[in-house]
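# Chains, contacts and geometry: an overview
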Amino acid sequence: MNEFIQYARKKLKKKLSESRYEHTLSVSYTCVCLAMRYGYPLEKAEIAGLLHDCAKCYPEDSYVSRCSKHGIPLTDEEKAAPAVLHAKLGAWMAKERYGIKDEEILSAIACHTTGKPGMGLLDKILYIADYIEVRRDKADNLPAMRRLAFEDIDEALFQIVEGTLTYLNKRGMTIDPMTERTYRYLCEQRQTQRKERS
Ligand SMILES: [Fe+2]
Ligand SMILES: [Fe+2]
């Protein structure tokens, strides 16, 4: 096995809770499966999955101060609702603490909670893998999304982002503006593609 993957697994097993470590492994395997399906380098996908929640070793109420300490720029919305921040902090940790230099891996970790306009293939793989991995059991649409992820990655991404926004809206929960921006971008992209086809 790739030495780095072995090292990262050992370190994460020590730092994360048992359930978070299980989720981490499941996401990394799901990333690999999606990478096989869509022709992306398997090890890069596995590493992105392994490290995506590495910042979850810290309590949520410490994310803002840790980000400030490391010079990670934050929006006012992120400061007010820091739950999504483990993605940005995680990308910083992947680079500085795990020595990851690959920009695609760092990007995928940084946007795995909110997505972003113009997501690349690994960004999409990780975002979707985090939602559909085998230990997840809350969302009603999981069977459909698990199937769709392997049929049409862009449609799966769209439906997961849309479903997440609907869920947060219904419960009156805070929505990070980046999630809304991602959704608007995906809507515009779909409209353009439909026009091109007609
Ligand atoms: Fe996460
Ligand atoms: Fe996760």
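What counts and what doesn't
- Residues numbered from 1 in each chain as written.
- Chains lettered and ligands numbered in written order.
- Predicted model: local features only at pLDDT ≥ 70, side-chain atom pairs only at ≥ 80, totals over all residues.
- Heavy atoms only, no water.
- Helix = DSSP H or I, 4+ residues; strand = E, 2+ residues; numbered from the N terminus.
- Rg over C-alpha atoms; globule rule 2.2 N^0.38 Å.
- Buried < 20%, exposed > 50% of the residue type's maximum accessible area, 1.4 Å probe, protein only.
- Contact = heavy atoms within 4.5 Å.
- Areas by Shrake-Rupley, 256 points an atom, 1.4 Å probe, with all protein chains shown as cover.
- Donors = N, O, S within 2.8 Å, 3.2 Å for Na, K, Ca; no water.
- Tetrahedral: all angles 85-135°; square planar, octahedral: opposite > 155°, others 65-115°.

## Concerning the overall build of the protein
A count of helices and strands for the protein gives 11 helices and zero strands. Starting at the N terminus, the α and β elements of the protein follow one another as α-α-α-α-α-α-α-α-α-α-α. Computed over the C-alpha atoms, the radius of gyration of the protein is 16 Å, within 12% of the 16 Å expected from 2.2 N^0.38 for a compact globule of 198 residues. Projecting the C-alpha coordinates of the protein onto the three principal axes gives extents of approximately 50 × 40 × 30 Å. Every one of the 198 residues in the protein was classed for burial, and the buried ones make up 45%. Here the analysis covers contacts within the protein between residues at least 6 apart in sequence; of these, 58% occur between residues at least 24 apart. For the protein, the accessible area works out to roughly 10,700 Å², and carbon and sulfur atoms hold 50% of it.

## Structural notes on the environment of Glu43
Structurally, Glu43 can be placed in helix H3 (residues 42-51). On the accessibility criterion, Glu43 (42% relative accessible area) is partly exposed. Between the C-alpha atom of Glu43 and that of Val32, which follows or precedes it by 11 residues, the distance is 7.5 Å. Contacts of Glu43, omitting those with residues within four sequence positions, involve Asn2 and Ile5.

## As for the coordination of the iron ion (ligand 1)
Coordination sphere of the iron ion (ligand 1), protein contribution only: Asp53 (OD), His86 (NE2) and His112 (NE2), at 2.1 Å. On the primary sequence, the residues serving as donors to the iron ion (ligand 1) are separated as D-x32-H-x25-H. Separating the iron ion (ligand 1) from the iron ion (ligand 2) is a gap of 3.4 Å, which Asp53 spans by donating to each of them. Taken together, the positions of Asp53 in the loop between H3 and helix H4 (63-69) and His86 in helix H6 (residues 86-96) put the pair 33 residues apart, joining distant regions of the chain.

## Topic: the coordination of the iron ion (ligand 2)
Distances from the iron ion (ligand 2) to its protein donors, His23 (NE2), His52 (NE2), Asp53 (OD) and Asp130 (OD), fall within 2.1 to 2.3 Å. Bound by four donor atoms, the iron ion (ligand 2) shows angles of 82 to 173° at the metal and therefore irregular coordination geometry. The sequence pattern describing where the donors of the iron ion (ligand 2) fall on their chain is H-x28-H-D-x76-D. Since its relative accessible area comes to 7%, His23 is described here as buried. We classify Asp130 as buried; its relative accessible area is 10%.

All quantities given are derived from atomic positions and should not be read as evidence of function.
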